[in-house]
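Coordinates in review
Here's the letter readout for the chains.
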Amino acid sequence: MNPSATQALRPPLVDTPRTASQITDDICRPVEAMPTASWYVGFFASVTALCIGAVLVTHEIATGIGTWGLNSTVGWAWDITNFVFWVGIGHAGTLISAILFLFRQKWRTAVNRSAEAMTIFAVMCAGIFPLIHMGRPWLAFWMFPYPNTRGPLWINFRSPLVWDVFAISTYLTVSACFWYIGLLPDLATVRDRARNRVRKFIYGIMSFGWDGSGRTWIRYEMLYLLLAGLATPLVVSVHTVVSFDFATALVPGWHSTIFPPYFVAGAIFSGFAMVLTLMIIARRVMRFENYVTLRHLDAMCKITLVTSLIVALAYAHEAFFAWYSGNNYESFLAINRMRGPFAPEYLVMVTCNVLIPQLLWSKRVRTSPLIIFFISIAINIGMWLERFVIIVISLHRDFLPSSWADYSPTYVEVGTLLGSFGLFFTCFFLFCRVLPMIAIAEVKSVAATPGSGEVASATIIDATPGEGEKP
Amino acid sequence: MTHKLCIASFDSPEDLLSATRAARESGRKIYDTYVPWPVHGLEEAMGVARSRLGVVCFMLGSLGVATALGFQLWVSTRSWPLNIGGKPFDALPALIPITFELMVLFAAVGTIIVFFIRSRLWPGAQPGIALEGATNDRFILALETNADDAEEIAGFVRDRGAAEVREVDLP
């Protein structure tokens, strides 16, 4: 197709025109150059947080979950909040890579790689919490149906908690595969650029001998389409199943048919907020402003705004049905949310998830990275609190007033959450260093301008003096 | 008898497409093309039949459904029926989430494995022909040649805009 015709129809996906080899150079630079000082600072801060988490989890496993603030009324609190929070974060990646792929949203190419990486790391963080909540994590294999000497006594396939095990592990596996399939051509690009033998060897193994063969590409495109088609219902199913953990219980505030769409929308909402947080930092630190443009931020903000409205509708629904159902327990719960001991959490949640995102109606807000950054942080906080509100407020005042209890987290729980952020960011920083953060082949296919290699390398040295050359 | 490959490197995907189409229409044997990104129309230009991975995917998905449903029903009704609140043992709706997840798992992972096998990709595999720039910005057409027509084929691709033409042994 004639590139000028395309540009007349739609604004270009990269700000300044780049040739294919310039795009390769730009995106491979962070992988090939030495890390910057800010990378070291971020990386060591993350590793520190991870270590704190590891120490506290070790303490918890060695001692028992009595080190947490749980009690027999509030049996799920901080840990399951973290679980649902991280699973939710993990939804944006596959949404961007699969659903937007099927909708042919070409802007996804600049953000899909890091969003998918984020998905995998977030689901890893999520998986830790149910595991350590078991108290005896070394028996975690009991969750899977394996032949055993107890009958064999199988797991209960009619339990949502078992569905969750299957949903989360399938999601992690399929997302990781999807991500790696997307990486293959780019790993080959990095391999072919490698000057030193160790690099060439490692990326050679990782790229599976990819040589850009047209026949392979044709199959690859079919495979990618199929995986996108499979991942699309998968991403919707995962948070639906997570919501079943609550919705199939009889607890007021949990027992609700709107939970699946409410949870899926909330997951996409929080996931996009996290993608925005990360991409705003990454585009700045890695100098990818040319690829992750204001137009990309704008598009992601729009999705965030839509999902914020869906979440707002769900909050309104919950309050309305608490009244409309005429059920004493439901209406007590609704009032207890707004006026009970956890009212501040509820109010902050509504502020962060409903009120603050309304700023995104303004085009000026949607195109100023600093404001978006703060909005996305607010949404992250709000969405964490949403899960806390759902879980803890419903549990702490149950049907029997004599068993009412309060809940406050211990330092072990807070430290474990910190540790999970440490794990997430440690993985993310390593990812930025060793893998191309932007899908090179995909960006080229939508954004490269024709031009020969020699002209390109001459231009890039002109454009960015002092940092174009690598050993 | 094929002895060698004529490697023609083009600057743009359009040149590659027209050269590939011309090569196929004039009855030359296309060994393969090497491109940095999936070029639209390559399938048609090379005359490659539509990939059958879709069929593979469907069959693997069906296998996943059958496995999950069969196993869950066997466990819940035959191997060890558990009475949970008097609910039916073969409650189909309760078995659907796991059935769905296993369908996706079997289809996705299985199709990827089939793709790797079919495309001869595995950890540590070496690229067939070492080609400069095929993963960066070159668009390469590899035509099969033999001793008689090597010159003629080199001329053919040069006429169609190949920036660089060379001969390599068949891997």
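Residues numbered from 1 in each chain as written. Chains lettered and ligands numbered in written order. Predicted model: local features only at pLDDT ≥ 70, side-chain atom pairs only at ≥ 80, totals over all residues. Heavy atoms only, no water.

1. Regarding the pairing of strand S3 (residues 139-145) of chain B
All names here are of chain B.
- Counting buried positions along S3 yields six of seven residues, so the element is predominantly enclosed.
- Two strands pair when backbone bridges link them, and strand S1 (residues 4-10) and S3 are joined in this way by seven bridges, in the antiparallel orientation. In the sheet register, Ser-9 faces S3, and the bridge partner there is Ile-140.
- Where strand S2 (residues 30-34) lies against S3, four bridges are found, and the strand directions are antiparallel. Directly across from Tyr-34, in S3, lies its bridge partner Ile-140. (Buried < 20%, exposed > 50% of the residue type's maximum accessible area, 1.4 Å probe, protein only. Helix = DSSP H or I, 4+ residues; strand = E, 2+ residues; numbered from the N terminus. Pairing = 2+ DSSP bridges.)

2. Remarks on the domain arrangement of chain B
- Partitioning chain B into domains gives domain 1 (4-36 + 133-169) and domain 2 (53-118).
- The C-alpha-based centres of domain 1 of chain B and domain 2 of chain B are spaced at 47 Å. (Domains from an automatic or database assignment.)

3. Here's the deal with the interface of chain B and chain A
- Chain B puts 61 residues into the contact, and the matching count from chain A is 58 residues.
- Between chain B and chain A, roughly 5,300 Å² of surface is buried when both sides are summed, and carbon and sulfur atoms account for 71% of that area.
- Looking at the side of chain B facing chain A, the largest losses of area belong to Trp-37, Glu-101 and Thr-135 of chain B, adding up to 12% of the total buried there.
- The interface formed by chain B and chain A contains zero salt bridges.
- Where chain B meets chain A, there are 20 residue pairs in polar contact (both at pLDDT 80 or more).
- Only S2, helix H2 (42-46), helix H3 (53-79) and helix H4 (92-118) of chain B provide two or more residues apiece to the side of chain B that touches chain A.
- When residues of the side of chain B that touches chain A are assigned to their parent elements, the largest contribution, 17 residues, is made by H4 of chain B.
- Residues of the side of chain B that touches chain A, tallied by class, amount to 41 nonpolar, twelve polar and eight charged. (Contact = heavy atoms within 4.5 Å. Buried area = accessible area lost by both parts, 1.4 Å probe. Salt bridge = Lys/Arg side-chain N within 4 Å of Asp/Glu carboxyl O. Polar contact = N/O pair within 3.5 Å; in protein donor to acceptor, adjacent residues only side chain to side chain. Nonpolar A, V, L, I, M, F, W, Y, C, P; charged D, E, K, R; others polar.)

4. A word on the packing of helix H10 (residues 259-285) of chain A against helix H11 (residues 294-324) of chain A
Residues and elements named next belong to chain A.
- Look at H10 against H11: their axes get within 9 Å of each other, and the N-to-C directions meet at 150 degrees. Comparing their axes, H11 and H10 come out roughly antiparallel. Read as a crossing pair, H10 and H11 show a hand that is left-handed.
- Looking at the contact of H10 with H11, its residues break down into 18 nonpolar, four polar and two charged. (Axes fitted to C-alpha atoms, helices over the stretch in contact; angles between N-to-C directions. Parallel < 35°, antiparallel > 145°, perpendicular 65-115°, else oblique. Left-handed = near helix turned anticlockwise from the far one by under 90°.)

5. Structural notes on the packing of aromatic side chains
- For the structure on display, the rule yields 56 aromatic pairs over all chains.
- Between Trp-163 of chain A and Phe-244 of chain A the ring centres are 5.7 Å apart and the planes differ by 75 degrees, which places this aromatic pair in the edge-to-face class. Of this pair, Trp-163 of chain A sits in helix H7 (residues 160-193) while Phe-244 of chain A sits in helix H9 (residues 214-247); the two residues are 81 residues apart in sequence, bridging distant segments of the chain.
- For Phe-244 of chain A, a relative accessible area of 23% corresponds to the partly exposed category.
- Grouping aromatic residues by their ring pairs yields a cluster made of Phe-101, Phe-178, Tyr-180, Phe-208, Trp-210, Trp-217, Tyr-220 and Tyr-224 of chain A together with Phe-115 and Phe-116 of chain B.
- Lying across the ring of Trp-142 of chain A, Arg-150 of chain A places its NZ or CZ 5.2 Å from the centre.
- Lying over the aromatic face of Trp-39 of chain A, Arg-433 of chain A brings its terminal NZ or CZ to 5.9 Å of the ring centre. (Phe/Tyr/Trp six-rings, centres within 6.5 Å; stacked < 30°, edge-to-face > 60°. Lys NZ or Arg CZ within 6 Å of the ring centre and 35° of its normal.)

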